[in-house]
Structures are given as C-alpha cells and as structure tokens.
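Examination of the molecular architecture
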Amino acid sequence: MDSTKITGNVNPAAPVKSTRIRVGRSIDGYGLSPGITKEQRLAVEGLFAAASSKFSGDLAGKYYALTGMDEGVRQQLVDDHFLFVSGDPNLSVSGMERDWPEGRGIFHNTEKTFLVWVNEEDQLRIISMQKGGDVKGVFERLARGINTVGESVKAECGKDFMLDEKYGYVH
C-alpha cells in the first residue's frame, strides 16, 4: 500500500465531517470467524495486546480488553463511537459471538485516529480515521499501521497475515 500513489484529495471546501478507512486481517494459523476456537481467539487477543504495547510514534496507544473493562472506559469508548457491542443477529447466527466478550478488545492510539478491533468480525480490524476529508493522510496512516501491526504480530508469534496468492488477504 503506497500512499504516494494518491494524487488527489477531497476538496477542502467540501462539507466532509470525517474520513475512515479500514481493512480486516487474519493471522496465519488461527481459525477464521466463525470457526475460530475460544483458545485461538484468546491467543490472538494475547499476542495482539503484547504486540500493540510496542507501537511507537503517532501509532502508540493502549489496548483495552472487553473482559473486565472498567465501566468509565467502556462508556467513553461508546461515547466516542469506537466500541463494538454484542447483539448483532447476523454475528450471533453465524457463531461469531460465541464466548462473548472473552478474547475481544480494542486498541486506539493517543490521538484516537488509529484503532484495531480484536476478534469482532475479523481477527483484526485495522482502522484509520480523522475529522475532515484528508483521505491521503488517513490512507498513509492506515498503510503504516498495517505494516506496524503485521511486523509486531510477527515478532510476537512468528506468523504473517493470512495471504492467498490468488485472492489476497484472507479475513
């Protein structure tokens, strides 16, 4: 992902409230939702929590596990529209909400412009966002974030993101 290939941007005069770009990634060797086991889900959460503690610069932040989350933190994440919640009938029917909320959490950087949802629909949902229409800036942060998450996860467990030669990233 090369942000230098983006040559244009949203007209600054356009009434754009915010820009969000997100991707899903799965770690090779762990089950995909809805087939992931409870043990695998907990392992993915644990290795991401450890990996995210090593993020630096504008990507540095904090990981919050849903299990045992402080009510004040939970409410702030809800108010910020960052926290995913249980109750989606499609996720329930497909088995993706098994063992809720164990093995799930959210990471965000200090500025709240880079987030990673852990074990919601995807093993990792990597998100870059900010107010306004700076698509190039949001994409540049996303590309750096994907690389940082991938390198940090590999350093923790020795595994890459799941990638198929024909279909691309599997999630």
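The present account deals with the structure reproduced in this document. (Residues numbered from 1 in each chain as written. Predicted model: local features only at pLDDT ≥ 70, side-chain atom pairs only at ≥ 80, totals over all residues. Heavy atoms only, no water.)

Thoughts on the overall build of the chain
Helix and strand counts for the chain stand at four helices and seven strands. In the chain, the succession of helices and strands from N to C terminus is β-α-β-α-α-β-β-β-α-β-β. Computed over its C-alpha atoms, the radius of gyration of the chain comes to 16 Å, within 12% of the 16 Å expected for a compact globule of 171 residues. When its C-alpha atoms are laid out on the principal axes, the chain stretches across 50 × 40 × 30 Å. Going through the 171 residues of the chain one by one, you find that 41% of them count as buried. Contacts in the chain between residues at least 24 apart in sequence constitute 68% of all its contacts with a sequence separation of at least 6. Here the chain contributes 21 positively and 24 negatively charged side chains, and the mean placements of these two sets differ by 3 Å. (Helix = DSSP H or I, 4+ residues; strand = E, 2+ residues; numbered from the N terminus. Rg over C-alpha atoms; globule rule 2.2 N^0.38 Å. Buried < 20%, exposed > 50% of the residue type's maximum accessible area, 1.4 Å probe, protein only. Contact = heavy atoms within 4.5 Å. Lys, Arg positive; Asp, Glu negative; His and termini not counted. Charge placed at Lys NZ, Arg CZ, Asp CG, Glu CD.)

Things to note about helix H2 (residues 71–79)
By the N-cap criterion, in which a side-chain oxygen at the helix start approaches the backbone nitrogen of a residue two or three places on, H2 is capped by Asp-70, the distance to Gly-72 being 3.0 Å. Directly beyond the C-terminal end of H2, a positive phi value near 65 degrees is found at His-81. (Polar contact = N/O pair within 3.5 Å; in protein donor to acceptor, adjacent residues only side chain to side chain.)

Structural notes on the nonpolar core
Counting 22 residues, the largest nonpolar core has Phe-48, Phe-114, Val-116, Leu-124, Ile-126 and Val-149 as its most contacted members. Apart from the residues within four sequence positions on either side, Phe-114 is in contact with Phe-55, Leu-59, Phe-107, His-108, Asn-109, Ile-126, Ile-127, Arg-141, Gly-145 and Val-149. With twelve residues, the next largest nonpolar core counts Leu-83, Ile-106, Leu-115 and Trp-117 among its residues. (Core = buried A, V, L, I, M, F, W, Y, C linked by side-chain atoms within 4.5 Å.)

Topic: helix H4 (residues 135–157)
Helical geometry: 3.6 residues make up each α-helical turn, so side chains three or four residues apart lie on a common side. The terminal C-alpha atoms of H4, which comprises 23 residues, lie 32 Å apart, in line with the 33 Å expected from a rise of 1.5 Å per residue. Two residues or fewer past H4, Gly-158 is found with a positive phi of approximately 80 degrees. (Expected span 1.5 Å × (residues − 1).)

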